[in-house]
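A closer look at the structure
Now for the letters of each chain:
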Amino acid sequence: MTIPLPAGTQLILTGPVQAVELLTLAPAEVGDQEQISVLVMGSDAPPQRGMISIPTPFGVMRTVAALDAELGVVTLKMAKIPPAWQRRDAHRMSLVVPLRGTTVSLPALAGAGPRTSGRPVRFNGTTVDISPGGLSAVLTVESDALRLPSGVRDVFLELDPYSSHPVAATLRVVDVRSDQLRGEFEYLQPSDWLHLAAMARDAAELPRLD
């Protein structure tokens, strides 16, 4: 299955540095092409890896992508829509790793009205527990300006971002209160879940410090 993208389609790449608006320069076929030629809108954007949002007739598709603004190319890391996989019966495990994230503004991308917030909000925190279906976390809140905005629906996350195996994911926010975040994964590669699960099991087997 491929999804046609007309020239001039608006894409948004949300990464740890900033959110970047892009326009496709030529017709493309998502699911068949790994690279898409794009025009970077606004100020210069550094090369970065993040989660790209692509409007399709079936809704907004999200996948990991890397931007080379100098070449004007976005490389899709997973060109096909991720298959559904069982999550409901999965065991929730304690896992404490750092995270960093950025809010994603979907209404502006989908053309459903004005933006619900201004610039994307970047935040940091630590996971509390995790399952294939989602996670909960404690956020670092240094000021009101760094709190997640009211009504935020989707965030791009990097879990364990400073390690040799950072994990990229998008999260649909279920509940956010002060410094508490809980959400369901919209995108998480099965191989990344296996990596996180192995980390959680290894942590559970460590002797208690007390």
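Residues numbered from 1 in each chain as written. Predicted model: local features only at pLDDT ≥ 70, side-chain atom pairs only at ≥ 80, totals over all residues. Heavy atoms only, no water.

1. A short note on helix H2 (residues 190-204)
Here is the rule we go by: The numbering of helices and of strands both runs from the N terminus, where a helix is a DSSP run of H or I of at least 4 residues and a strand a run of E of at least 2. Expected span of a helix: the number of residues minus one, times 1.5 Å. The classification of residues rests on relative accessible area computed with a 1.4 Å probe and restricted to protein chains. Under 20% of the type maximum is buried, over 50% is exposed, and intermediate values are partly exposed. The arc in question is traced by the directions running from the helix axis to the C-beta atoms. Contacts: residue pairs with any heavy atoms within 4.5 Å of one another.
Over its 15 residues, H2 runs 21 Å from end to end, which matches the ideal 21 Å to within 8%, given 1.5 Å per residue. Turning to H2, its buried residues are Asp 192, Trp 193, Leu 196, Ala 197 and Ala 200. All buried residues of H2 fall inside an arc of 135° around its axis, so they share one side. Looking at the buried positions of H2, the neighbouring elements they touch are strand S9 (93-94), strand S11 (122-131), strand S13 (154-159) and strand S14 (167-177).

2. A short note on the pattern of salt bridges
Spelled out, the test is: Note on definitions: salt bridges are taken to be side-chain nitrogens of Lys or Arg within 4 Å of carboxyl oxygens of Asp or Glu.
A full pass over the atoms with the stated rule returns 4 salt bridges. Between Arg 100 and Glu 158 there is a salt bridge; the shortest N-O distance is 2.7 Å. Within this pair, whereas Arg 100 is found in strand S10 (residues 98-104), its partner Glu 158 is found in strand S13, the two being separated by 58 residues in sequence. For Asp 175, the salt bridge identified is with Arg 177, shortest N-O distance 3.1 Å. Note on Asp 175: relative accessible area 24%, which makes it partly exposed. Residue classification places Arg 177 among the exposed residues on the basis of a relative accessible area of 60%. Shared partners join several salt bridges into a network, and the residues in it are Asp 154, Arg 172 and Glu 186.

3. Structural notes on the confidence of the model for the protein chain
The criterion, for reference: pLDDT is defined as a per-residue confidence score from the predictor, taking values between 0 and 100.
Overall, the prediction assigns the protein chain a mean pLDDT of 77, with 75% of residues at 70 or greater. Per-element averaging of pLDDT across the protein chain places helix H1 (residues 106-110) at the bottom with 40 and strand S12 (residues 134-139) at the top with 92. Confidence drops under a pLDDT of 50 for residues 79-89, and excluding neighbours within four residues, the segment shows 18 contacts in the predicted structure. Note on residues 106-117: pLDDT is under 50 here. Beyond four places in sequence and across chains, it has 24 contacts.

4. Examining the side chain of Glu 158
For Glu 158, a relative accessible area of 7% translates into the label buried. For Glu 158, the residues in contact, after removing those within four places along its chain, are Pro 16, Pro 98, Leu 99, Arg 100 and Val 167.

5. Some remarks on the side chain of Asp 129
Let me state the cut-off plainly: Polar contact is defined as a pair of N or O atoms within 3.5 Å, subject to the rule that within protein one atom must be able to donate a hydrogen and the other to accept it, and that residues adjacent in sequence are counted only when both atoms are side-chain atoms.
Looking at the element boundaries, Asp 129 is found in strand S11. Judged by relative accessible area, which is 18%, Asp 129 ranks as buried. For Asp 129, the side chain forms a polar contact with the side chain of Ser 136, separated by 2.7 Å. Setting aside chain neighbours within four positions, we find Asp 129 in contact with Arg 92, Met 93, Ser 94, Leu 95, Leu 135 and Ser 136.

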